[in-house]
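# Coordinate inspection notes
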Amino acid sequence: MGLSIEENQKLVEEILEAYPKKARKDREKHFQVADEKAIDCSTCAVKSNIKSRPGVMTPRGCAYAGSKGVVWGPIKDMVHISHGPVGCGQYSWGSRRNFANGTLGIDNFTAMQITSDFQETDIVFGGDKKLAVIMREITEMFPLAKGISVQSECPVGLIGDDIEAVSKKMSKELAMPIVPVRCEGFRGVSQSLGHHIANDAIRDFVMGRAELAETGPYDVNIIGDYNIGGDAWASRILLEEMGLRVIAQWSGDGSLNELEVAHKAKLNLIHCHRSMNYMVDHMEKAYGIPWLEYNFFGPTKTYESLRAIAALFDATIQENCEQMIARYKPVMDAVIRKYRPRLENKTVMLMIGGLRSRHTIGAYEDLGMDIVASGYEFAHKDDYEKMLPMLAEGTIVMDDPTAYELEEITKKMNIDLVGSGVKEKYVYHKMGVPFRQMHSWDYSGPYHGFDGFKVFAKDMDMTVNSPIWDLVSRRGTMEPKEAGV
Amino acid sequence: MSRDELNIKDNTSLFKEERYVQQRENKKQFEAPCSEQETAEALAYSKSAEYMEKNFSRQNVVINPHKACQPLGSVMAALGFEKTLPFVHGSQGCNAYFRSHLSRHFKEPTPSVSTSMTEDAAVFGGMNNLIDGLENSVALYKPEMVAICTTCMAEVIGDDLNSFIGNARIKGVISEEYPVAYCNTPSFVGSHITGYDAMIKGILSYLYTRSGIESKPGSGEESGEKLNVMLGFEPYTGNFAELRKILGAFDTKYTILGDHSGNYDSPATGEYEYYYGGTKLADVPQAANALATLSLQKYTLKKTQEYISGTWNQKLAALSTPLGIKGTDTLLATISELTGLPVPAMLTEERGRVVDALMDSHPYLHGKRVALVGDPDLLIGLIGFCLETGMEPVHIICSNGDVDFNEVKFKDEAEALLAASPYGTEATVHVGKDLWHMRSLLLNDKVDLAIGSSHLKFAAKDAEVPLVRVGFPIFDRHHMHRYPIIGYQGTLNLLSLIVNTILQQLDDHNSGFNFELVR
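Predicted, not measured: the structure shown is a model, and the values here were computed from it.

About the cut-offs
Residue positions are counted from 1 within each chain, in the order its sequence is given. Numbering of ligands from 1 and lettering of chains from A proceed in the order in which they are written. Under the rules for a predicted model, residues below a pLDDT of 70 receive no local features and side-chain atom pairs below 80 are neither given nor counted, while totals for whole chains, interfaces and linings still include all residues. Hydrogens are left out, water is left out, and the side-chain values use all remaining heavy atoms of the structure. Between buried and exposed lies partly exposed: a residue is buried under 20% and exposed over 50% of the maximum accessible area for its type, with that area taken using a 1.4 Å probe on protein chains only. Going along the chain from the N terminus, every DSSP run of H or I of four or more residues is numbered as a helix, and every run of E of two or more is numbered as a strand. Note on pairing: two strands pair once DSSP finds at least 2 bridges between them. Look down the strands so they point away from you; if going from the first strand over the helix to the second traces a clockwise path, that crossover is right-handed. Here the axes come from fitting lines to C-alpha atoms, over the contacting stretch only for helices, and the angles between their N-to-C directions go from 0 to 180 degrees. A contact between two residues is defined here by any heavy atoms of the two lying within 4.5 Å. As used here, buried area is the combined drop in accessible area, with a 1.4 Å probe, of two parts when they are placed together. The term salt bridge refers to a side-chain nitrogen of Lys or Arg lying within 4 Å of a carboxyl oxygen of Asp or Glu. Scored between 0 and 100, pLDDT is the confidence that the predictor attaches to each residue. Orientation is classified from the angle alone, with under 35 degrees giving roughly parallel, over 145 giving roughly antiparallel, 65 to 115 giving roughly perpendicular, and any other angle giving oblique. Each crossing gets its hand from how the near helix is turned against the far one by less than a right angle, where anticlockwise is left-handed and clockwise is right-handed. In this classification, the charged set is Asp, Glu, Lys and Arg, the nonpolar set is Ala, Val, Leu, Ile, Met, Phe, Trp, Tyr, Cys and Pro, and all remaining amino acids, among them Gly, are polar. Each patch is assembled from residues with relative accessible area greater than 30% and no salt bridge, linking like charges that lie within 9 Å and nonpolar side chains (Val, Leu, Ile, Met, Phe, Trp, Tyr) that lie within 5 Å. Note on areas: Shrake-Rupley, 1.4 Å probe, and residue coverage restricted to the protein chains presented here. Charge counting follows a simple rule: Lys and Arg are positive, Asp and Glu are negative, and His as well as the terminal groups are ignored. A charge is said to be at NZ when it belongs to Lys, at CZ for Arg, at CG for Asp and at CD for Glu. Two N or O atoms form a polar contact when they lie within 3.5 Å of each other; inside protein one atom must be a possible hydrogen donor and the other a possible acceptor, and for residues adjacent in sequence the pair counts only when both atoms belong to side chains. By nonpolar core we mean a set of buried residues, namely Ala, Val, Leu, Ile, Met, Phe, Trp, Tyr and Cys, connected to one another through side-chain atoms within 4.5 Å.

## What to know about the pairing of strand S10 (residues 369-373) of chain B
Residues and elements named next belong to chain B. For S10, the tally of buried residues reaches five of five residues, placing the bulk of the element in the interior. Of the pairings in the sheet, the one linking S10 to strand S11 (residues 392-398) comprises five bridges and is parallel in character. Paired with Val-370 across the two strands is Pro-393, which belongs to S11. Between the parallel elements S10 and S11, the chain passes through helix H18 (residues 376-389) in a crossover that is right-handed. With three bridges joining them, S10 and strand S15 (residues 449-452) adopt parallel strand pairing. Looking across to S15, one finds that Leu-372 is bridged to Ile-451.

Laid out in structure tokens, this is it:
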């Protein structure tokens, strides 16, 4: 593949030259070219979880997006109020593809936009009184709603509304959990603080509030799976087939009761460590529940993870696990036999949120593809420390990369496949570079588990090998050909 | 092994498999769900007249509104000018949302930057963010103009854009001459259409004022014979092309003020450029000398229109989205009146062809009861189109307020339009209502067809009404925005969409003896 540490270091330096001095100094800290030392010691010099530079096209969102869009929004039997002006709720309406079973608007409120639609008068006089009325109206409109969360938008925090007091009072009046979540968009530097705030609210307002009729030795939770395109279902089926009992699924297709009984589990299995590590840490301290980070992308990582999970249980589970792997392996091998020859040695650049830039590496490798650049939107130091040992020397590691940086790297490294989000997608279409939207699986999925890997492999092949890329009239090939040729 | 042998299923078929059905059932024991009976009762109740009454009596909660916030419109407006970078002053999440939302509709990139304000800016103000942001964005993305709008955060803390931009110049981050237009667009006022208006007015007034030109409308100088045209918050790139075709047929000179069609319909050439097309910056001050200005979204462009007729002292004709035959007739008559040019024969012929098409299809349209959702100007156009084809608008919802134009409110105009036709007698116009209200209306007073954006799909599905996607946003269908819906050609497109949806319904429901070959 020809990854060279020196060459790529030079490449990064060249790219950064376009920035004004101050911004360049900052952006330099967000890059690292993987070398032996960084990989072996998993040390990481990349600066992360600090402010984006103003005026650059950062891929990042905000705390509200982290809380409502990621953590709370998928809890299906609660109504989540986008508290503030109309926009935030409108833009996060149904766009993350968290599948959930239930009847929309009756006992499932995921793909809905419920907002206080702040007007100027609410800014002047405050929105607290209105919020109380909204909560009453919600119980009228949605009699089966099990609870309410208040996802506060920027102005709510700035004008000093007391959503906590309103929630407390109304929780009593309406006899249901009402959870204030202080996830105003200006808090923190990205979605990441929103995840943390959302997790704290789960801890403070719902955790441990219900009991399970009976508990068992195999009770586990799926933590940090948002069921994009049905991911959590494709994961859960494996855990159950192995003999475990999944008592709660957070938060894709999740319900209030699952949040409330999760403390009864014997083990927490966490997929998106970035967004929910706060929860497993807390549950370990408060309830003594151990946790394990797992990775269900691609068969290699899935086998590893399944075995690591089984190792925490008895011989029965371990035996079930091996039998299950034996059952699925021929199918996975067949998938690889078919697709690997079509994808071998293709270079991949990833820039996704806070987990998949690392977790999907194994799945690409199963298909023979080479990750040559990988970065996160809103990761922290530990994410980079975990990512580095998975990379080849010379791979470019980048934090919060700007649109400009991504475009330059793609051009200069001649990337075969870019995996990123919708804001990036159409840029690469213009460039004629194969692209998959890896936040939402490009309206496909699931990608988790064995059922998911089949879809993943098919999608990557479809993308990289589509004949449409050959139709792009790249500059240079547009020159008129001599007559008669 | 073929793909079929690998048994790769998409998420629809995969999760229909028995093992997943079992999983779904099994999971319920931990969900503590409502019983099937409770759910069925609540569903039935939600469809009842009693529920509808409650639904319409709610005062504060807004459920599935059909509007977005101001700065989204400003970003679209900024992209209508050549090499102009939209610049959002406030917290960065807003900008990410505007970029995603617009990209999901057009399936095109949306270049736009933000000042990434966080807690410290909330306390101390966002001046440093703005100054740094100007320095970085101009260096990186090399725009020829920056167009700044605000978010609710910047507005609540009261940031003063004018002085901040001045300070950026004093600090030498940008030169004295470098154009920076701006507008204030708090998200708790108006909607995407008022934000669009604010930015268009911001850009026009800024470029005009700094040019030192004194407007002499129709003066006969360079631009004096030109017509200015504004399309407004326009989700159809195809409408720009259609309008150009019409103006070209008239052989009139014109300037489109705010043309984002280049940015939202750019070619895949192998190279991405940040800026495609747009109104030339130099054309803006010259536009003050134009013959007249034609606005195609009178409610959307309210403040811009006031500015043009006031400060530019220019003749102004303001229409709503010219849909349908009569809507297009009005458009052509207006162009003719403003320019003194006759309606070209080519367009008259085209009109005849589209009227012919309407005749062919009218039996399938006549008497069809229709629900409509959209922005004010689109709705005026759609109501007109429905009435002239014999379709009967029944439920009309406009979430984004009762905008007025020359003291005529949208609701008043819509009601007058409906009252003037025997096909409009059943209609009710609801302003400030949302799509959850529409759900009740559709369930309690059935219609044959719903027309609106993708957001209407949930209510339409619950009511088992086919949806023709028109307006913004259209997320779940491809390329709709590439085809015009204005002008005679657009009327034909709209007709095809509607009549073929109705014919498909016939095929879906008439599967027996009347599953017919010829229609």
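## Section: the pairing of strand S13 (residues 417-420) of chain A
All names here are of chain A. Of the two faces of S13, both are covered, the one formed by Leu-417 and Gly-419 as well as the one formed by Val-418 and Ser-420. Bridge analysis of strand S10 (residues 347-352) against S13 gives three bridges, and the strand direction is parallel. Opposite Met-349, over in S13, you have Val-418 as the bridge partner. Where S13 meets strand S14 (residues 435-437), three bridges bridge the pair, whose relative direction is parallel. Residue Gly-419 lies in a different strand from S14, and its bridge partner there is Arg-436. In this fold, the crossover linking S13 to S14 by way of helix H20 (residues 422-431) has right-handed handedness.

## With respect to the sheet that holds strand S11 (residues 370-376) of chain A
Residue and element names in this part refer to chain A. Judged by pairing direction, the sheet is mixed, and its six strands sit side by side in the order S1-S12-S11-S10-S13-S14 without closing on themselves. A strand with exactly one partner marks an edge of an open sheet, and here the two such strands are strand S1 (31-33) and S14. Neighbouring strand axes in the sheet, compared pairwise and without regard to direction, differ in orientation by 15 degrees on average. The strands touched by helix H1 (residues 5-16) are S1 and strand S12 (396-399); relative to S1, the strand with the most contacts, the crossing angle is about 160 degrees.

## Observations regarding the sheet that holds strand S8 (residues 292-295) of chain B
Residue and element names in this part refer to chain B. Pairing within the open sheet is parallel, and its four strands lie in the order S7-S6-S8-S9. For this open sheet the edge positions go to strand S7 (254-256) and strand S9 (316-318), each flanked by a neighbour on one side alone. With strand direction ignored, the average angle separating the axes of adjacent strands in the sheet is 20 degrees. Where S8 lies against S9, three bridges are found, and the strand directions are parallel. Residue pairing in the sheet places Thr-293 in a bridge with Leu-316 of S9.

## A closer look at the interface of chain B and chain A
Facing 101 residues of chain B, the contacting portion of chain A comprises 118 residues. For the pair chain B and chain A, the two sides together bury roughly 9200 Å², of which 61% comes from carbon and sulfur. Counting the surface chain B buries against chain A, the share from its top three residues, Phe-30, Tyr-97 and Phe-188 of chain B, is 9%. Counting the contacts that link chain B with chain A gives nine salt bridges.

## Brief notes about the pattern of salt bridges
Opposite charge on two side chains allows them to pair when their charged atoms are near. Residues and elements named next belong to chain A. According to the stated counting rule, one finds 70 salt bridges over all chains in the structure shown. Between Glu-28 and Arg-24 there is a salt bridge whose closest N-O contact spans 3.1 Å. A residue pair is termed a helical-turn pair when its members lie 3 or 4 positions apart in one helix, as Glu-28 and Arg-24 do in helix H2 (residues 21-28) at four residues. Relative accessible area serves as the criterion here: at 37%, Glu-28 is assigned to the partly exposed category. Close ionic contact of Glu-173 with Arg-136 constitutes a salt bridge, the shortest N to O distance being 2.5 Å.

## So, the confidence of the model for chain B
Averaged over every residue, the pLDDT of chain B is 96; residues scoring 70 or more account for 99%. Reported confidence for the predicted complex is 0.97 by ipTM and 0.97 by pTM.

## Description of the packing of H1 of chain A against helix H19 (residues 403-413) of chain A
All names here are of chain A. Contact geometry of H1 with H19 gives a least axis separation of 10 Å together with a crossing angle of 135 degrees. Taken together, H1 and H19 sit at an angle that is classed as oblique. The interaxial crossing formed by H1 with H19 has right-handed handedness. Across the interface between the two elements, Asn-8, Leu-11, Glu-14, Ile-15 and Leu-16 of H1 pack against Tyr-404, Glu-405, Glu-408, Ile-409, Lys-412 and Met-413 of H19. Residue composition of the contact of H1 with H19, grouped by class: six nonpolar, one polar and four charged.

## Here we look at a positive patch on the surface
Residues and elements named next belong to chain A. Taken together, the side chains of Lys-21, Lys-25, Lys-29 and Lys-47 define a basic patch exposed on the protein surface. Relative to the elements of secondary structure, Lys-25 occurs in helix H2. Residue classification places Lys-25 among the exposed positions, given a relative accessible area of 59%.

## Side note on the environment of Ser-453 of chain B
Here Ser-453 of chain B lies in the loop between S15 and helix H21 (457-462). A distance of 2.9 Å separates polar atoms of two side chains, one belonging to Ser-453 of chain B and the other to His-66 of chain B.

## Details of the side chain of Lys-425 of chain A
Residues and elements named next belong to chain A. With respect to the helices and strands, the residue Lys-425 is situated in helix H20. A distance of 2.7 Å separates the side chain of Lys-425 from the side chain of Asp-442, its partner in a polar contact. Among all residues touching Lys-425, those that are not within four sequence positions of it are Phe-435, Gln-437 and Asp-442.

## Some points on unusual backbone geometry
Note that the residue after Gly-445 of chain A, namely Pro-446 of chain A, is joined by a cis bond; omega there is 5 degrees. Topologically, Pro-446 of chain A is positioned in the loop between S14 and helix H21 (449-464). The residue after Phe-472 of chain B, namely Pro-473 of chain B, is reached through a cis peptide bond having omega -5 degrees. Unlike most non-glycine residues, Asp-253 of chain A shows phi in positive territory, near 55 degrees. With respect to the element layout, Asp-253 of chain A can be found in the loop between strand S7 (245-251) and helix H12 (256-261).

## Some thoughts on the nonpolar core
In terms of nonpolar packing, the biggest core is built from 215 residues, with Trp-72, Trp-250 and Tyr-364 of chain A together with Ile-498 of chain B touching the most fellow members. Here the element with the most residues in this core is helix H15 (residues 315-343) of chain A; it accounts for 11 residues. Beyond its immediate stretch of four places on either side in the chain, Trp-72 of chain A contacts Ser-67, Met-78, His-80, Ser-149, Gln-151, Val-179, Val-181, Ala-198, Ala-201, Ile-202 and Leu-259 of chain A. With 50 residues, the next largest nonpolar core counts Val-427 of chain A together with Leu-140, Val-180 and Tyr-274 of chain B among its residues.

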